[in-house]
Amino acid sequence: TGKVQLRVPVASLRTGIAARDEHLRHESWMNAARFPNITLNATATKKDARTWTVAGTWEMHGVSKSITVEARALKIPLALSKKAKFGDGEWVRVTATFPINITEYGIVIPGGVAPKMNKTWTVTLTVSGTTEKPAGAEPMAESAVADVAVPAVPLAAPGTKYKFGLFPQNTN
């Protein structure tokens, strides 16, 4: 078992069109000022042969719902992590893809785009982590899986890609 919290700032989502980004953040749509983050609070994990089952809550637009998703963890070979200059430690990449019906979270699709917008978004989360604390990072919490501190690192590094809806979204 383990606990993880992942927050994606709504203001960091990028569709590739600046005007559409502004509409997405506007109060009539995702309302980034009132609901600044999309949050996954994983409260339980279970490892099977090739996947992890992650259970917890998904919070978006001020609504929290229970969610269970399948995630795959891939250990990144040391030679590859060094070549990519990831930093010290053993690295792992965890990926989960799951559907979210945005209307169940109180998001109303504006009438003008409703015919073009799918109410079910496919969310793909890809997170990489290491066993070594990055230089200058302060511990946030103790890991429930291992007795090591989880470092305080930026929630989303510039250029991180999230896949919400039909097209990938990028952070600043």
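In case you missed it, the structure is sitting above this.
Nothing here was measured: the structure is a model prediction, and the numbers come from that model.

Caption draft 1: Representation of the overall build of the protein within the structure. Within the protein, the regular secondary structure consists of two helices and ten strands. Of the regular secondary structure in the protein, the N- to C-terminal order runs β-α-β-β-β-α-β-β-β-β-β-β. Long-range pairs, those at least 24 residues apart, make up 50% of the contacts in the protein between residues at least 6 apart in sequence.

Caption draft 2: Region of interest: the packing of aromatic side chains. In this structure the tally under the stated criterion is two aromatic pairs. With centroids separated by 5.3 Å and ring planes inclined at 80°, the aromatic side chains of Trp58 and Phe98 adopt a geometry described as edge-to-face. Taken together, the positions of Trp58 in strand S3 (residues 52-60) and Phe98 in strand S5 (residues 91-101) put the pair 40 residues apart, joining distant regions of the chain. Per residue, the accessibility class of Trp58 equals that of Phe98, and both read buried. Geometrically, the ring pair formed by Phe86 and Trp91 is tilted, given 5.3 Å between the ring centres and 55° between the ring planes. Relative accessible area serves as the criterion here: at 31%, Phe86 is assigned to the partly exposed category. By relative accessible area, Trp91 is classed as buried at 14%.

Caption draft 3: Seen up close, the environment of Arg14. Among the structural elements, Arg14 can be located in the loop between strand S1 (4-9) and helix H1 (18-25). Taking the C-alpha atoms as reference points, Arg14 and Leu24, ten residues apart in sequence, are found 9.1 Å from one another. A polar side-chain atom of Arg14 sits 2.6 Å from the main-chain carbonyl oxygen of Ala11.

Caption draft 4: Highlighting the pairing of S3. Where strand S2 (residues 37-47) lies against S3, eight bridges are found, and the strand directions are antiparallel. From the neighbouring strand, Ala42 faces S3, where its bridge partner is Gly56. Here nine bridges tie S3 to strand S4 (residues 63-76), and the two strands are oriented antiparallel to one another. Bridged to Val54 within S4 is Val69. In textbook terms, the turn of a hairpin is the stretch between consecutive antiparallel strands, and for S3 and S4 this stretch comprises two residues, one of which, His61, has a positive phi near 60°.

Caption draft 5: A look at the side chain of Asn101. One can find Asn101 in strand S5. Asn101 gets classed as buried once you look at its relative accessible area, which sits at 16%. Among the polar contacts made by the side chain of Asn101, one reaches the side chain of Thr103 at a distance of 2.5 Å. With residues up to four places along the chain from it excluded, the contact list for Asn101 reads Lys119 and Thr120.

Caption draft 6: Looking closely at H1. For H1, the set of buried residues is Asp21, Leu24 and Arg25. Within H1, the buried residues cover an arc of 90° as seen down the axis, which keeps them to one side. Among the structural elements, strand S6 (120-130) are those in contact with the buried residues of H1.

Caption draft 7: Just the nonpolar core, in detail. With 27 residues, the main nonpolar core has Trp29, Met30, Trp58, Met60, Phe98 and Ile100 as its most contacted residues. Mapped by element, the contributors of at least two residues to this core are S1, S2, S3, S4, S5 and S6. When neighbours within four sequence positions are excluded, Trp29 is seen to be in contact with His23, Leu24, His61, Ile102, Ile107, Val108, Ile109, Pro110, Met117 and Trp121.

Basis of the calculations
- Residues numbered from 1 in each chain as written.
- Predicted model: local features only at pLDDT ≥ 70, side-chain atom pairs only at ≥ 80, totals over all residues.
- Heavy atoms only, no water.
- Helix = DSSP H or I, 4+ residues; strand = E, 2+ residues; numbered from the N terminus.
- Contact = heavy atoms within 4.5 Å.
- Phe/Tyr/Trp six-rings, centres within 6.5 Å; stacked < 30°, edge-to-face > 60°.
- Buried < 20%, exposed > 50% of the residue type's maximum accessible area, 1.4 Å probe, protein only.
- Polar contact = N/O pair within 3.5 Å; in protein donor to acceptor, adjacent residues only side chain to side chain.
- Pairing = 2+ DSSP bridges.
- Arc of directions from axis to C-beta.
- Core = buried A, V, L, I, M, F, W, Y, C linked by side-chain atoms within 4.5 Å.

Remember, this is a structural readout, not a statement about activity or role.
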